[in-house]
Amino acid sequence: MTYQFDEILDRRSSHAVKIDGMKDLWGRTDLIPLWVADMDFPTPDFVLDAVRHRLEHPLLGYTAKSDEYYRAVERWVNRRYDMGVERRHINFVPGIVAGLGMAINCFSKPGDRVMIMPPVYPPFMWLNTRNHRIVEECPLIPCDGTCRMNLDYLRAHAEGVRLLILCNPHNPGGVVWTVDELRELAEICREHHILVFSDEIHADLTLPPYRHTPFATVSEAARDNSVTFMAPSKTFNMPGLAASHSLIFNDDLRREFVTYLEAGELNAGHVFAFDCVAAAYNNGEEWLEQCLAYIADNIDLVVGFLETHTPRIRAMRPQASFLVWLDCRGMEMTHDELIGFFADEAGLALNDGESFGKGGEGFMRLNVATPRAVLRKALSQLETAYKKHF
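Report on the accompanying structure.

With respect to the pattern of salt bridges
- The tally for this structure, following the rule as stated, stands at 29 salt bridges.
- The closest approach of N and O atoms between Lys 18 and Asp 38, which form a salt bridge, is 3.1 Å. Of this pair, Lys 18 sits in helix 1 (residues 17-26) while Asp 38 is found in the loop between strand 1 (32-33) and helix 2 (45-55), placing the two residues 20 residues apart along the sequence.
- Salt-bridge contacts for Asp 252 lead to Arg 255; the nearest nitrogen and oxygen are separated by 2.9 Å. Placement of the pair is Asp 252 and Arg 255 together in helix 9 (residues 251-263), with a separation of three residues, close to one helical turn. Comparing Asp 252 with Arg 255, the two get one shared label, exposed.
- Three or more residues joined by partner-sharing salt bridges are found here, namely Arg 11, Lys 18, Asp 38 and Asp 40.

Concerning the packing of aromatic side chains
- Under the defined criterion, the tally for this structure stands at 21 aromatic pairs.
- Centre to centre, the rings of Tyr 69 and Tyr 70 are 5.1 Å apart; their planes meet at 70 degrees, and the pair counts as edge-to-face.
- You can call Tyr 70 buried: its relative accessible area is 12%.
- Ring-pair connections join several aromatic residues into one group, and the members of that group are Phe 5, Phe 41, Phe 46, Trp 76, Phe 236, Tyr 281, Trp 287 and Tyr 294.
- When the ring centre of Trp 126 is taken as reference, the NZ or CZ atom of Arg 130 above it lies at 4.2 Å.

Focus on empty space enclosed by the protein
- Scanning the model with the defined rule gives one cavity of 30 Å³ or more in all.
- Approximately 60 Å³ is the volume attributed to the largest cavity.
- Lining the largest cavity are Leu 34, Leu 306, Leu 326, Phe 342, Leu 348, Leu 350, Leu 366, Leu 375, Ala 378, Leu 379 and Leu 382.
- With four residues, helix 13 (residues 372-387) is the single largest residue contributor to the lining of the largest cavity.
- Its residues assigned to classes, the lining of the largest cavity shows eleven nonpolar, no polar and no charged.

Thoughts on the layout of surface pockets
- In this model, the largest pocket occupies a volume close to 1100 Å³.
- Lining the largest pocket are 44 residues, with Val 36, Ala 37, Asp 38, Lys 234 and Pro 239 sitting closest to its centre.
- For the lining of the largest pocket, the secondary-structure elements that each account for two or more residues are helix 1, helix 4 (96-107) and strand 14 (351-352).
- In terms of residue count, helix 1 provides more of the lining of the largest pocket than any other element does, three residues in total.
- Partitioned by chemical class, the residues of the lining of the largest pocket number 26 nonpolar, eleven polar and seven charged.
- Its volume calculated, the second largest pocket comes out at about 500 Å³.
- Gly 145, Met 316, Asp 327, Arg 329 and Phe 363 are, among the 24 residues lining the second largest pocket, the residues nearest its centre.
- Looking at the lining of the second largest pocket, the elements that each hand over two or more residues are strand 5 (141-143), strand 6 (146-148), helix 11 (285-309), strand 11 (314-316) and strand 12 (323-327).

Structural notes on the packing of helix 12 (residues 335-345) against helix 13
- Look at helix 12 against helix 13: their axes get within 9 Å of each other, and the N-to-C directions meet at 125 degrees. With respect to each other, helix 12 and helix 13 are oriented oblique. Both helix 12 and helix 13 take part in a crossing whose hand is right-handed. Taken together, the residues of helix 13 that come into contact with helix 12 (itself represented by Phe 341, Phe 342 and Glu 345) are Leu 382, Ala 385 and Tyr 386.
- Looking at side-chain class alone, the contact of helix 12 with helix 13 contains five nonpolar, no polar and one charged residues.

Digging into helix 13
- The first and last C-alpha atoms of helix 13 sit 22 Å apart over 16 residues, in line with the 22 Å expected at 1.5 Å per residue.
- Within the span of helix 13, buried status applies to Arg 372, Val 374, Leu 375, Ala 378, Leu 379, Leu 382, Glu 383, Ala 385 and Tyr 386.
- Contacts from the buried residues of helix 13 go to strand 1, helix 11, helix 12 and strand 13 (348-349).

Some remarks on helix 4
- Helix length check: helix 4 (twelve residues) gives 16 Å between terminal C-alpha atoms against 16 Å at 1.5 Å per residue, within 8%.
- Most of helix 4 sits out of view: nine of its twelve residues are buried.
- Turning to helix 4, its buried residues number three or more, namely Ile 96, Gly 99, Leu 100, Gly 101, Met 102, Ala 103, Ile 104, Cys 106 and Phe 107.

Conventions we followed
- Residue numbers here run from 1 along each chain, matching the order of that chain's written sequence.
- Note on the predicted model: pLDDT of at least 70 is required for a residue's local features to be given, and 80 or more for side-chain atom pairs to be given and counted; whole-chain, interface and lining totals, by contrast, use all residues.
- By convention in this description, side-chain values take in all heavy atoms of the structure and omit both hydrogens and water.
- We define a salt bridge as a contact between a side-chain nitrogen of Lys or Arg and a carboxyl oxygen of Asp or Glu at a distance within 4 Å.
- Comment: elements are numbered from the N terminus, with helices defined as DSSP H or I runs of at least four residues and strands as E runs of at least two.
- For the exposure calls, accessible area comes from a 1.4 Å probe over protein chains only, and a residue counts as buried if that area is under 20% of its type's maximum, exposed if over 50%, partly exposed in between.
- Here a pair means two rings of Phe, Tyr or Trp (six-membered ring of Trp) with centres within 6.5 Å. Their orientation is stacked below 30 degrees between planes, edge-to-face above 60, and tilted elsewhere.
- Throughout this description, the term charge over a ring refers to an Arg CZ or Lys NZ atom that lies within 6 Å of the ring centre and within 35 degrees of the ring normal.
- Every definition here rests on a 1 Å grid over the protein atoms only: cavities are sets of points where a 1.4 Å probe fits but cannot get out, pockets are open sets enclosed by protein on both sides within 12 Å along at least five of seven lines, and lining residues have some atom within 4 Å of a point.
- Grid points are joined across faces, edges and corners, and a volume is the space filled by probe spheres set on the points.
- Each residue is assigned to one of three groups, with Ala, Val, Leu, Ile, Met, Phe, Trp, Tyr, Cys and Pro labelled nonpolar, Asp, Glu, Lys and Arg labelled charged, and all others, Gly among them, labelled polar.
- In this description, a line fitted to the C-alpha atoms serves as the axis of each element, helices being fitted only across the stretch in contact, and the angle between N-to-C directions of two axes falls anywhere from 0 to 180 degrees.
- For classification purposes, angles smaller than 35 degrees are called roughly parallel, those larger than 145 roughly antiparallel, those between 65 and 115 roughly perpendicular, and all remaining angles oblique.
- Less than a right angle of anticlockwise turn of the near helix away from the far helix marks a crossing as left-handed, whereas a clockwise turn marks it as right-handed.
- Contact between two residues is taken to exist if any of their heavy atoms lie within 4.5 Å; hydrogens are not considered.
- By this rule the span expected of a helix is its residue count minus one, scaled by 1.5 Å.

Written out as structure tokens, the structure reads:
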């Protein structure tokens, strides 16, 4: 079956954060929204059909996790990543950010130190500060158009750290970490008794020829000392269904987390969650393959366009995801000037790099999971604004 990704959808009537949120941040709603990390492609029909099928029954009652839900998750992660997941390892959480917050409160206490690797997804910072943890930053090292973990810094500052939150693959850089990096990270954390939370929401969006390696698969130290978070939400553009899962192989850690979740009925799920996850994982391989090909072509378009038309803006080519990290430091603008340039002059809503923490200064994040006609229009507007300065 051939899927189409060129249809331009009007999201203004759907309460989309990508649209409605512009008013609060930019004071206007006429920007091209290329910021919030969901796709502008229709959620696949096989997911929507699962919603429709459930609505054929006239009672929306309490909903149990079906056997097919567990089988679908097992098959997906084991076929793609050879993780050795069994039903007992799977724990439903209502979104990965929510799951991370729950895990922070389960496995640490106020005043504990939690390490993150900026520039990184902003909730990694505020989940900890709002829960009264002390954030320790281990900044990434820029390297040949990508970035690498600063494992020497981690080793030197690991003493007393309780948790480490890993973004695997990395957001915003789109980096697919190497097995050697992940294995060394696992060993450092084992030595210093640091529990690792691995956010792998972008795993399925790894772009060929790169391959995603789940943290828990690189060694026994990693498998025994980690909580992995995965979801179909980014993969199949269904984040509004708030259906994610943790994978925990250590029996003691899993028992502790499940007890925490059950104490507040935090893992109960909702009426559509389990059928939609099963539908996505059981039917989504072909759709995902075509979607990734479309995204890869969009990335090629952006990288080539910037090199030719706006050379002071350089794209870090992502190895995973539909997010492109733009190095705008060559424009020599302050943070406020850069924000104004993209919004007020180019008419584009992007995420500003400083919100991702240290190392994000002078960068912007661009979401390319949008119909190509929209992306071409955005790039044309960017070029017009750029030429007024350079």
